[in-house]
Amino acid sequence: MKKIIKESNMQVVCRIDDVKSIVKSQKMKQCTVGLVPTMGYLHDGHISLINKSVSDNDFTVLSIFINPTQFGENEDYDEYPRDWERDKRIADESGVDVIFIPSINEMYPQGYKTYVNVSLITEILCGKSRTDHFKGVTTIVNKLFNIVEPDRVYFGQKDAQQAAVIKKMISDLNINVEMITCPIVRENDGLAMSSRNVNLNAEHRKAAVVLSKALFEAERMINAGQTNKQKVIKHIDEMIKKTGKAEIDYVEALDADTLQQIELIKGKVLIALAVKFGKTRLIDNIIVEV
Ligand code: AMP
């Protein structure tokens, strides 16, 4: 493992050409480059990705961009939390070499027309209610790949479907990057860390613990021999509904690698859910192996 003790010389850049030339000079020195794409308002989940990149690579680029094309019209683009100064401090302390914080116009200049879309696996789970969400994600990630040309890119298992979609895009488009998926980082009470958690009121924050509780209970049921998918989903559903404060978007159990439907809980299974508390939509998941 590479030691992370170093003087701060983190650069903050907003222009595509500047990141390109900084990365190019690192590559000329044969340095490996890791990319951590985020929407900012950094928490320990993001930091775990940064730490992994810093330990794997000579040079780490953190991108912070609240990508408008992945938000639907009635979604929370305006409410999405932002604190660039805090993010810069955290990134610097975590060993990031460059933060790339482009403007919307830098990424989508007037007349922008090109989108990248992965079919089918973007139409299930989150894609059902968030049509075009993944098209926005794959487009921006593809642009970041072209701008940074990283050796490795880091994503969180927290966004399981996003990770599967990007993995498919990398494979289908023969993109020359190694993708590393890092485990979910949780609060002490089990709630998966998310920048959106700050938008929960006290009552909803307390109730939201049910998501991880229900997933862990499902895991216990499965480990005790339950293979009936509907029974597992029903149990999670009922636990969440019992809070009286949640609006369930979906609770699903799918093949963890392909996101295909399954009959029985068998093999490597992703149990994923999306639930709204007030206006805040949270996602969480676990992978079980039977
Ligand atoms: P976001 O800023 O929410 O778009 O997330 C940026 C990256 O951090 C994505 O790859 C997420 O999957 C990852 N991430 C977000 N929350 C967590 C978490 N609690 N644990 C691990 N990774 C996370």
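Going by the structure above, here's the rest.
For clarity, every value in this text was computed on a predicted model and none was experimentally measured.

## A look at the sheet that holds strand β7 (residues 246-255)
Hydrogen bonds between backbone atoms are what pair the strands of a sheet, whose relative direction is either parallel or antiparallel.
(1) Moving on: Sheet architecture is open: three strands sit in the order β7-β8-β9, paired in antiparallel fashion. Either end of the sheet is taken by a strand with one partner, and the two such strands are β7 and β9 (280-289). Recorded for the sheet is a direction-independent mean angle of 15° between the axes of neighbouring strands.
(2) Moving on: The pairing of β7 with strand β8 (residues 268-277) spans nine bridges and is antiparallel. When the sheet's bridge partners are listed, Glu-252 is paired in β8 with Ala-272.
(3) Moving on: Seen against the sheet, helix α10 (residues 229-242) touches β7 and β8 and runs at an angle of roughly 160° to β7.

## Concerning the site of the ligand
(1) Moving on: What surrounds the ligand is a group of 17 residues, the closest being His-46, Gly-156, Asp-159, Val-185 and Met-193.
(2) Moving on: Here Asp-159 contributes a side-chain N or O atom positioned 2.7 Å from an oxygen atom of the ligand.
(3) Moving on: Contact between the ligand and Met-193: a nitrogen atom at 2.9 Å from a main-chain N or O atom of the residue.
(4) Moving on: Protein chains shield 93% of the accessible area of the ligand, which is 480 Å² for the free molecule.
(5) Moving on: Those elements that provide at least two residues to the shell around the ligand are β2 (33-38), α2 (44-56) and β5 (152-156).
(6) Moving on: Top element by residues in the shell around the ligand is α2. It accounts for three residues.
(7) Moving on: Of the residues that constitute the shell around the ligand, the class distribution is nine nonpolar, six polar and two charged.

## Points about the packing of helix α1 (residues 16-28) against helix α6 (residues 133-148)
(1) Moving on: Where α1 meets α6, the closest approach of the two axes is 8 Å, and the angle between their N-to-C directions is 50°. Between α1 and α6, the interaxial angle falls into the category oblique. For the pair α1 and α6, contact is made by Ile-16, Val-19, Lys-20 and Val-23 and by Asn-146, Ile-147 and Val-148, respectively.
(2) Moving on: Of the residues assigned to the contact of α1 with α6, the class counts are five nonpolar, one polar and one charged.

## Overview of helix α7 (residues 160-172)
(1) Moving on: Between its terminal C-alpha atoms α7 stretches 18 Å, which fits the 18 Å expected from 13 residues at 1.5 Å a residue.
(2) Moving on: Considering only its buried residues, α7 is in contact with α5 (126-129), α6, β5, β6 (178-182), β8 and β9.
(3) Moving on: A positive backbone phi angle near 50° is found at Asn-174, which sits one or two residues after α7.

Here is what the cut-offs are and how they apply
Residues numbered from 1 in each chain as written. Predicted model: local features only at pLDDT ≥ 70, side-chain atom pairs only at ≥ 80, totals over all residues. Heavy atoms only, no water. Pairing = 2+ DSSP bridges. Helix = DSSP H or I, 4+ residues; strand = E, 2+ residues; numbered from the N terminus. Axes fitted to C-alpha atoms, helices over the stretch in contact; angles between N-to-C directions. Contact = heavy atoms within 4.5 Å. Near = heavy atom within 4 Å. Polar contact = N/O pair within 3.5 Å; in protein donor to acceptor, adjacent residues only side chain to side chain. Areas by Shrake-Rupley, 256 points an atom, 1.4 Å probe, with all protein chains shown as cover. Nonpolar A, V, L, I, M, F, W, Y, C, P; charged D, E, K, R; others polar. Parallel < 35°, antiparallel > 145°, perpendicular 65-115°, else oblique. Expected span 1.5 Å × (residues − 1).

Spatial relationships are all this shows, so hold off on functional conclusions.
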